[in-house]
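Structural description and commentary
Listed below, chain by chain, are the residues.
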Amino acid sequence: MTDNWPNHTQPWREWRDAMNGPRMHHGWILAGKQGLGKREFAEQAARALVAEEGIPQPTGSHPDIVTLTHLPKDDKEEKKRDEGKPYETKRNISVAQIRGMQQRLTTRPTLGSRRVVIVDPADDMEASASNALLKSLEEPPQGTFFLLVAHRPSRLLPTIRSRCRVMRFPLMDRGEIASLLAELAPQADAKARELAVLSCGGSLGAAVTFIEQDLAPIAAVMQNLITQGDPSFELRGRLAKEIGPRAKRERMQSVLDLARGTLADQLDKVEDANRVNVIDGHTAMVELAAQAPTFNFDPGLLVVEIGSLLARAAPASERANV
């Protein structure tokens, strides 16, 4: 996305100190909100770790860096990927992917003495995949290191967390995001970029997604819901129309993130009498966002639930009417 991540200064300092230390820890969790450049950091940190003096390093794909991430959903989507087109992915990282990686670990690294395995996002592993990965973390092959990118580290097995060192990635401030967004999305009008910065919750990735998916009209309806309520259900109807009748999973996840950020931002604006409603709404939205990727929610009902949670957080809450 960008080579200039201002929030990576401390993580890089921590990583370089570890590399220069007497014994590099074999397992790392790169923790933080989605859209903070953790994947980019993992790829660059992995290259820094496997590079050895006197051994030429490839500029493209590296044989000693293994990356596990979401695969295409089916053969049709795999063909789109191979053609360089946008494609839909499976919901989880499977145990078959972990076992395939483990089979590679039975051989020595190709170029040097070290190998890095990146799992992104590690909090989307199937339960059986997590248990399989745990075995590698418990008895890592010599020279093998693991970088687990995690947007929600609490979803990882406690036994995985206990065997890894956690590196946290801080949120970015609005000025940093606005400056980078002007470079990354110069085609967007100034008002859309401003709304993206205000709605992204400190995540550059979320701001870019806001522009790419044209979430500004959705953000406007959400703001009306949270300030006015929706006793007539009119705003919820408008929300459904703006989201679209057949929204893909990635768009729905962006909508959920936007709703969660809208509620969080509202906490700084409301009077004490209404803070409980906003806090309750935010808690429920966080739970809904966590469940949505793994449960087959009806898209229409999911939109209604999102709108209802926002409406309940409005002053003079309509809690009794929904």
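Everything numeric here is computed off the predicted structure, so don't read it as measured data. (Residues numbered from 1 in each chain as written. Predicted model: local features only at pLDDT ≥ 70, side-chain atom pairs only at ≥ 80, totals over all residues. Heavy atoms only, no water.)

This prediction gives the chain a mean pLDDT of 92; 97% of its residues lie at or above 70. Below a pLDDT of 50 lies the segment residues 318–322, which in the model reaches 10 contacts outside its immediate sequence neighbourhood of four places, other chains included. (pLDDT = per-residue confidence, 0-100. Contact = heavy atoms within 4.5 Å.)

This paragraph deals with the nonpolar core. One finds Met-222, Leu-239, Met-285, Ile-306 and Leu-310 to be the most contacted residues of the largest nonpolar core, which totals 47 residues. Put simply, the parts of the chain that give this core at least two residues each are α7 (174–184), α8 (190–199), α9 (204–212), α10 (216–228), α11 (234–243), α12 (249–266), α13 (272–291) and α14 (299–312). Broken down by element, this core gets its largest block of residues, 7 residues, from α10. Ignoring sequence-local partners within four residues, the contact set of Ile-306 consists of Met-222, Leu-239, Met-252, Val-255, Leu-256, Ala-259, Met-285 and Leu-288. Among the nonpolar cores identified, the runner-up in size contains 24 residues, and Ile-93, Leu-105, Val-117 and Leu-134 belong to it. (Core = buried A, V, L, I, M, F, W, Y, C linked by side-chain atoms within 4.5 Å. Buried < 20%, exposed > 50% of the residue type's maximum accessible area, 1.4 Å probe, protein only. Helix = DSSP H or I, 4+ residues; strand = E, 2+ residues; numbered from the N terminus.)

Moving on, we get to helix α4 (residues 95–104). Buried within α4 we find Val-95, Gln-97, Ile-98 and Met-101. Buried residues of α4 fall within an arc of 160 degrees about the axis and therefore sit on the same side. Counted as exposed and oriented over 90 degrees from the buried face of α4: Ala-96, Arg-99 and Gln-103. If you follow the buried residues of α4, they end up packed against β2 (65–68), β3 (115–119), α5 (127–138) and β4 (144–150). (Arc of directions from axis to C-beta.)

Attention now goes to the side chain of His-62. Note that His-62 resides in the loop between α2 (38–50) and β2. For His-62, a relative accessible area of 5% translates into the label buried. In this structure, His-62 is in contact with Arg-47, Val-50, Gln-57 and Leu-111, ignoring residues within four places of it in sequence.

Attention now goes to the sheet that holds β3. Hydrogen bonding along the main chain pairs the strands of a sheet, whether they run parallel or antiparallel. A sheet is described by the order of its strands in space; here 5 strands give the open sequence β2-β3-β4-β1-β5, paired in parallel fashion. The sheet terminates laterally at β2 and β5 (165–168), the two strands that pair on one side only. Between one strand axis and the next, the sheet turns by 20 degrees as a mean value, whatever way the strands run. (Pairing = 2+ DSSP bridges. Axes fitted to C-alpha atoms, helices over the stretch in contact; angles between N-to-C directions.)

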